[in-house]
Every structure is written in C-alpha cells, then in structure tokens.
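# Fold and contact review
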Amino acid sequence: MAIETERTDRTLIVRINRPEALNALDVDAMRALNEVLRDFRDDPKLAVGVITGAGDRAFCAGADLKKTLPPRTSFAGAYFAPYEQSVEEGLYVRALTLSELNIGKPLIAAVNGHALGGGAEIALECDVRIAGENATFGLPEARVASVPAVGGVTRLLRAIPRAVAMKMILTGDRIDAQEAHRIGLVSDVVPTGDLLPTALDIADRIAANGPLAIKSLKALADRTQDLPLTQSIAVEQLLWGVLRDTDDRVEGRTAFAERRPPEFHGR
C-alpha cells in the first residue's frame, strides 16, 4: 500500500510507502493520504497524528513527476468541479491541501531524508516538525517550471525569515537538517534511528494533556495568526471562557492539588 497506518495508544502513524520512488506521491497515493487523514480526523479515540516516510532516504519527494503530467481536461473545469472529480481531472494538489480537511488535531512531521516539493509542503502543514540528521528540505518547483501549490510559499514565508525563504523558493536549493533547525523550520534534530521514537514521545506528551485544551490551542494557532494583536487576545479570552467550567479543567486543578496524574475525558 502506498499509505500505511499504525496505531499506538492514541496516536496514528501515517507512513508514505513508496520508497522505490523516494516516497513521491502519485494521484492514487495523494487520494489515499487524504482519506487516511479524514478517518483520523473523525476517530474520537485518536488524539495525535505522526506523518513519516518509509525507509531512511526520503520523507516525501513531492509529486511523482512521471505520473502527474498535465491532463487533457481544462483547468477551469477541474477548479469548479467537486473534490473527487477535480482530483481526477488534474487538480491533484487539492488532495494534499490538508488545511481544507479541518482536522483540529495536532500533526507531527517526522522527516526522514528528503522533504521536497509537495513533501516539504506536507511537513509545513504539520504543527510540529522534527528532523532526522539526514533530512533535507526544498521547494524545487521553479526548476521544473512550476510553483508550489499546496501553500508552500505562504507557509514557508511564515515559518522562517523572508530572505531565507525567498532564496529557497527562487533557487530551488535545499537546506539540510542543521540549517533547518538553525532558522526555526524544525523544532528538533535527532539521530535518524531516534526519529520515530522521538515523534511518538512528543505525541504521547501531547495526548496526555486535556483534549479540549489541545483542540483549542490548535484552533487558536490556526485562526489568530492573521489577526491584529487585540483581536487575537480577544479570541484567546473567548476560548479560555469556553474551557473555564469544563470537567477537564476542574480535574486538572484537582489532580495538581492532589499530586496525581489527571484523568481527562474531553468534557
């Protein structure tokens, strides 16, 4: 299967499994990834997702250039068509635009090897990014006369300094894991063999927290980044008020006072 999944407690591991193609995605694999993440979104037993690639050569090398040639159908027709039809008629980037899924749960990118093009964009769509020592990142679309279409330019400009982002975008050059960490593109760099255990440890620590608080924090991060400061603070206060009287918030304070682990139930 091009997309494999594995459950560990409350975490779903999503593994892109096309190592013979550096985990590049053809349209079927993009559609499968989208379906897996929809199921993850709707499963109340799962709290955190970890996306990684099979093997140690690549996280994902983006779209499979041999299998994503322009179709004969018009772009306008695909653009205004329903999701499935539009993907089938060549607007395959919609299958990689994870923000449209409104997942509402944290996603962690465990980047093992090359994260290029659409692969880098998948990583940029995740909330936490950690890298193995062999990781590289790049948006090489300009080299094949194209542009990133899954938010690559927009998200990279928000993640790192503009001059660095524009150099990467305009040249198509890659950066290694240490440079990615230096400029803040990833939070951690670990030995490749420790990558997935580290990602799962982070996932476990997230899942141990109040589930309503985690969903609220992700919503705040997603919805306030474009707001003026005063409006952002107002939204923070509103969500604080939404959580104030929940059973979980009372349990968190009670458990702290009693010096025991809290038992959250998402209510």
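Throughout what follows, the structure given in this document is the object of discussion.

With that settled, consider the overall build of the protein chain. Scanning the protein chain from N- to C-terminus turns up eleven helices and ten strands. Radius of gyration (C-alpha) of the protein chain: 19 Å, near the 18 Å computed for a compact globule of 267 residues. With respect to the principal axes defined by its C-alpha atoms, the protein chain has extents near 65 × 45 × 40 Å. Within the protein chain, buried positions represent 45% of all 267 residues. Sequence separation of 24 or more characterises 66% of the internal contacts of the protein chain that already satisfy a separation of 6 or more. Surface exposure of the protein chain reaches about 14,200 Å², of which carbon and sulfur atoms provide 54%. Positive and negative side-chain charges in the protein chain, numbering 32 and 37 respectively, have mean positions lying 3 Å apart.

The next point concerns the pattern of salt bridges. It is possible for side chains of opposite charge to pair when their charged atoms get near one another. Under the counting rule described, the total for this entry stands at 16 salt bridges. Residue Glu-179 is joined to Arg-182 by a salt bridge in which the shortest nitrogen-to-oxygen separation is 2.9 Å. Of the two residues, Glu-179 and Arg-182 are both situated in helix H7 (residues 177–182); the distance of three residues between them amounts to about one turn of the helix. The class of Glu-179 is partly exposed, set by a relative accessible area of 24%.

Attention now goes to the pairing of strand E1 (residues 3–8). Sheet analysis places E1 next to strand E2 (residues 11–16), joined by six bridges and oriented antiparallel. Residue pairing for E2: Glu-4 is matched across the bridge by Arg-15. The antiparallel hairpin formed by E1 and E2 contains two residues in its connecting segment, where Asp-9 sits at a positive phi of about 55 degrees.

All right, on to the packing of aromatic side chains then. Evaluation of the coordinates by the stated rule reveals two aromatic pairs. Relative to Tyr-79, the ring of Phe-75 has its centre 5.6 Å away and its plane inclined at 40 degrees; by these criteria the two rings are tilted. Remark: Tyr-79 and Phe-75 occur in helix H2 (residues 75–79); sequence separation between them is four residues, near one turn of the helix. With a centroid separation of 5.1 Å and an interplanar angle of 85 degrees, the aromatic rings of Tyr-79 and Phe-80 are classed as edge-to-face. Phe-80 sits in the exposed class, given a relative accessible area of 70%. By the ring-pair criterion, three or more aromatic residues cluster together here, those being Phe-75, Tyr-79 and Phe-80.

Here Asp-9, not a glycine, exhibits a phi torsion of approximately 55 degrees, which is positive. Position of Asp-9 among the secondary structure elements: in the loop between E1 and E2. Overall, the relative accessible area of 70% leaves Asp-9 in the exposed class. With a phi close to 50 degrees, Asn-102 is a non-glycine residue in the positive phi region. On the secondary structure map, Asn-102 appears in the loop between helix H3 (83–88) and strand E5 (107–111).

Analysis parameters
- Residues numbered from 1 in each chain as written.
- Predicted model: local features only at pLDDT ≥ 70, side-chain atom pairs only at ≥ 80, totals over all residues.
- Heavy atoms only, no water.
- Helix = DSSP H or I, 4+ residues; strand = E, 2+ residues; numbered from the N terminus.
- Rg over C-alpha atoms; globule rule 2.2 N^0.38 Å.
- Buried < 20%, exposed > 50% of the residue type's maximum accessible area, 1.4 Å probe, protein only.
- Contact = heavy atoms within 4.5 Å.
- Areas by Shrake-Rupley, 256 points an atom, 1.4 Å probe, with all protein chains shown as cover.
- Lys, Arg positive; Asp, Glu negative; His and termini not counted.
- Charge placed at Lys NZ, Arg CZ, Asp CG, Glu CD.
- Salt bridge = Lys/Arg side-chain N within 4 Å of Asp/Glu carboxyl O.
- Pairing = 2+ DSSP bridges.
- Phe/Tyr/Trp six-rings, centres within 6.5 Å; stacked < 30°, edge-to-face > 60°.

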